[in-house]
Amino acid sequence: MIKLRMPLLLLAVIPLVAVSARAEPVSGYAYLTADMQAMQDDDFGNPGMLVVEAGERLFSRPGNNGKSCASCHGEGGETLDVRQLARYPIYSEALQRPVTLRGRILMCASDRLGGPPLDYASEEALALETFVRHLARGQPVEVDVSGPMAPYHAAGEKLFHTRYGQVDIACHQCHDYYAGKHFRGQVLTQGQSNGFPGYRFTEGHVVGLQERISECLTNLRAEPYAIGSDEYRDFEIYMSARSNGLTIETPAIRY
Ligand code: HEC
Ligand code: HEC
């Protein structure tokens, strides 16, 4: 019920509220209650840490060729470069296309563990992504969208400004113009990506950025794209660059 009523209520509000220009990026953390901030800050109280731990176990689980992620990247991923992790999605010269962090992990799983390949939307892929991105917690997001990334970034920006569903509102209308506005006891944030994969407090599970976008699209009564699709990759590129400079919080706690 709340899911359906929420956007309709906002529709009614939109023409009445003055439109402000896009501000500096602000993490969703800033909009949490003090209790929820404390929950995120305490690794023992943060339920997202269970998925980090599940990902860590998968990281040392042998694949078909007997190797594990840890065989090449060290116990607990200690030889992965956290600054580099904060730059994802990146452009791969070898593949001649952009690669998301989860996409990179899936390639290693199929090519370097000898399989079995993991589905982009699988729980295992999400857990591995959560674990790997957690290694970069505290690093500033630093996505480069110049050069060959520019057209993908532009495609993502266009999607972010597209009106969706029966509610007929674009992402940017809520997340650029109305961040900080209260309605139905909830605060609208800028929809930043720095906390993902993160723990959805109201849903009780961890979601990646693409799954979170699907939830907003569903609320707008639009058909979500497929997890791992080119559209979500472009969304992720645009939204990650939009979070540049914010600190990675994975696994964040979010409403
Ligand atoms: C046989 C060795 C090997 C195994 C096993 C392996 N990787 Fe990799 N991984 C690599 C190499 C080599 C690269 C760099 C490849 C490149 O940049 O093209 C890489 C790149 C990566 C990157 C990107 C790092 C960066 O700095 O951009 C991540 C993340 C990653 N691997 C995670 C994993 C995970 C998770 C697993 C297990 C599912 C795994 N890898 C298994 C060798 C391996
Ligand atoms: C009708 C308003 C509305 C529209 C339009 C909308 N969202 Fe949201 N979105 C919300 C609400 C409400 C939340 C939960 C509170 C928050 O984080 O803003 C949310 C949360 C998010 C979050 C999580 C932010 C965080 O830090 O937890 C992301 C990411 C997001 N939206 C992306 C999108 C994208 C991408 C689109 C377009 C496909 C979109 N949203 C369209 C209302 C909207």
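To start, this report covers the structure provided alongside it. (Residues numbered from 1 in each chain as written. Chains lettered and ligands numbered in written order. Predicted model: local features only at pLDDT ≥ 70, side-chain atom pairs only at ≥ 80, totals over all residues. Heavy atoms only, no water.)

## Structural notes on a negative patch on the surface
Thought 1: A surface patch of like charges, here negative, comprises Glu-53, Glu-56, Glu-75 and Glu-78.
Thought 2: With respect to the helices, strands and loops of the structure, Glu-56 is situated in helix 3 (residues 49-59). (Patch = residues over 30% accessible without salt bridge, like charges linked within 9 Å, V, L, I, M, F, W, Y side chains within 5 Å. Areas by Shrake-Rupley, 256 points an atom, 1.4 Å probe, with all protein chains shown as cover. Salt bridge = Lys/Arg side-chain N within 4 Å of Asp/Glu carboxyl O. Lys, Arg positive; Asp, Glu negative; His and termini not counted. Charge placed at Lys NZ, Arg CZ, Asp CG, Glu CD. Helix = DSSP H or I, 4+ residues; strand = E, 2+ residues; numbered from the N terminus.)

## Re the site of ligand 1
Thought 1: The environment of ligand 1 is made up of 18 residues, and the closest members are Cys-69, Cys-72, His-73, Tyr-88 and Cys-108.
Thought 2: With respect to ligand 1, the side chain of His-73 contributes an N or O atom lying 2.8 Å from a nitrogen atom.
Thought 3: Arg-104 has a polar side-chain atom sitting 3.2 Å from an oxygen atom of ligand 1.
Thought 4: Taking a 2 Å distance to the grid points as the criterion, the majority of the atoms of ligand 1 fall inside the second largest pocket.
Thought 5: If you list the elements that add at least two residues to the shell around ligand 1, you get helix 4 (69-73), helix 5 (82-85) and helix 6 (101-111). (Near = heavy atom within 4 Å. Polar contact = N/O pair within 3.5 Å; in protein donor to acceptor, adjacent residues only side chain to side chain. 1 Å grid on protein atoms, 1.4 Å probe; cavity = no way out; pocket = protein on both sides within 12 Å on 5 of 7 lines; lining within 4 Å. Sits in = over half its atoms within 2 Å of the grid points.)

## Focus on the site of ligand 2
Thought 1: Surrounding ligand 2, one finds 25 residues, the nearest of these being Cys-171, Cys-174, His-175, Thr-189 and Cys-216.
Thought 2: Thr-189 is positioned such that a nitrogen or oxygen atom in its backbone is 2.6 Å from an oxygen atom of ligand 2.
Thought 3: Between an oxygen atom of ligand 2 and a side-chain N or O atom of Arg-254, the distance comes to 2.9 Å.
Thought 4: Mapped by element, the contributors of at least two residues to the shell around ligand 2 are strand 4 (169-170), helix 9 (171-177), strand 6 (186-187), helix 10 (209-219) and helix 11 (230-242).

## Remarks on the coordination of the iron atom of ligand 2
Thought 1: Here the iron atom of ligand 2 is held by His-175 (NE2) and Cys-216 (SG), and the distances to it run 2.0 to 2.2 Å.
Thought 2: For the iron atom of ligand 2, the 6 donor atoms are set out with angles of 86 to 180° between them, so the coordination reads as octahedral. Of this pair, His-175 sits in helix 9 while Cys-216 sits in helix 10; the two residues are 41 residues apart in sequence, bridging distant segments of the chain.
Thought 3: Given a relative accessible area of 16%, His-175 falls into the buried group. (Donors = N, O, S within 2.8 Å, 3.2 Å for Na, K, Ca; no water. Tetrahedral: all angles 85-135°; square planar, octahedral: opposite > 155°, others 65-115°. Buried < 20%, exposed > 50% of the residue type's maximum accessible area, 1.4 Å probe, protein only.)

## Let's talk about the environment of Glu-231
Thought 1: With respect to the secondary-structure elements, Glu-231 resides in helix 11.
Thought 2: On the basis of relative accessibility, which here comes to 31%, the residue Glu-231 falls in the partly exposed class.
Thought 3: Considering only alpha carbons, one finds Glu-231 and Tyr-152, 79 residues apart in sequence, at a separation of 9.4 Å.

## Quick notes on the packing of aromatic side chains
Thought 1: As enumerated under the stated definition, the model contains 7 aromatic pairs in all.
Thought 2: Relative to Phe-235, the ring of Tyr-225 has its centre 6.4 Å away and its plane inclined at 55°; by these criteria the two rings are tilted. On the criterion of sequence distance, the pair formed by Tyr-225 in the loop between helix 10 and helix 11 and Phe-235 in helix 11 is long-range, its members being 10 residues apart.
Thought 3: Taken together, Tyr-164, Tyr-225, Tyr-232 and Phe-235 form an aromatic cluster joined through their ring pairs. (Phe/Tyr/Trp six-rings, centres within 6.5 Å; stacked < 30°, edge-to-face > 60°.)

## Some thoughts on the sheet that holds strand 7 (residues 198-200)
Thought 1: Spatial strand order, 8-7-9: 3 strands in an open sheet with mixed pairing. Strands at the two margins of the open sheet, each flanked by one partner only, are strand 8 (205-207) and strand 9 (253-254).
Thought 2: For strand 7 and strand 8, the ladder comprises 3 bridges, and the chain directions are antiparallel. Following the sheet pairing, Tyr-199 is matched in strand 8 by Val-206. (Pairing = 2+ DSSP bridges.)

## Some words on empty space enclosed by the protein
Thought 1: By the definition in use, this model includes 1 cavity of 30 Å³ or more.
Thought 2: Counted as a void, the largest cavity has a volume near 180 Å³.
Thought 3: Along its surface, the largest cavity is lined by 17 residues, and Glu-129, Arg-133, Leu-209, Glu-236 and Ser-240 are the ones closest to its centre.
Thought 4: At the level of elements, helix 6, helix 7 (123-135), helix 10 and helix 11 are the ones that each hand at least two residues to the lining of the largest cavity.
Thought 5: Taken together, the residues of the lining of the largest cavity sort by class into 8 nonpolar, 5 polar and 4 charged.
Thought 6: Summarising the domain contributions, the lining of the largest cavity has at least three residues from each of domain 1 (2-42 + 142-254) and domain 2 (49-135). (Points joined across faces, edges and corners; volume = space filled by probe spheres on them. Nonpolar A, V, L, I, M, F, W, Y, C, P; charged D, E, K, R; others polar. Domains from an automatic or database assignment.)

## A look at the nonpolar core
Soluble globular proteins: nonpolar side chains tend toward being buried together.
Thought 1: Core analysis: the largest hydrophobic core is formed by 27 residues, its most contacted members being Phe-59, Leu-101, Leu-128 and Val-132.
Thought 2: Every element with two or more residues in this core is listed here: helix 3, helix 4, helix 6 and helix 7.
Thought 3: Counting the residues that make up this core, at least three belong to each of domain 1 (2-42 + 142-254) and domain 2 (49-135).
Thought 4: Residues contacting Val-132, with those up to four places away along its chain left out, are Phe-59, Leu-80, Leu-85, Leu-101 and Ile-105.
Thought 5: Judged by nonpolar contacts, the second largest core, of 20 residues, contains Ile-169, Tyr-178, Leu-209 and Leu-220. (Core = buried A, V, L, I, M, F, W, Y, C linked by side-chain atoms within 4.5 Å. Contact = heavy atoms within 4.5 Å.)

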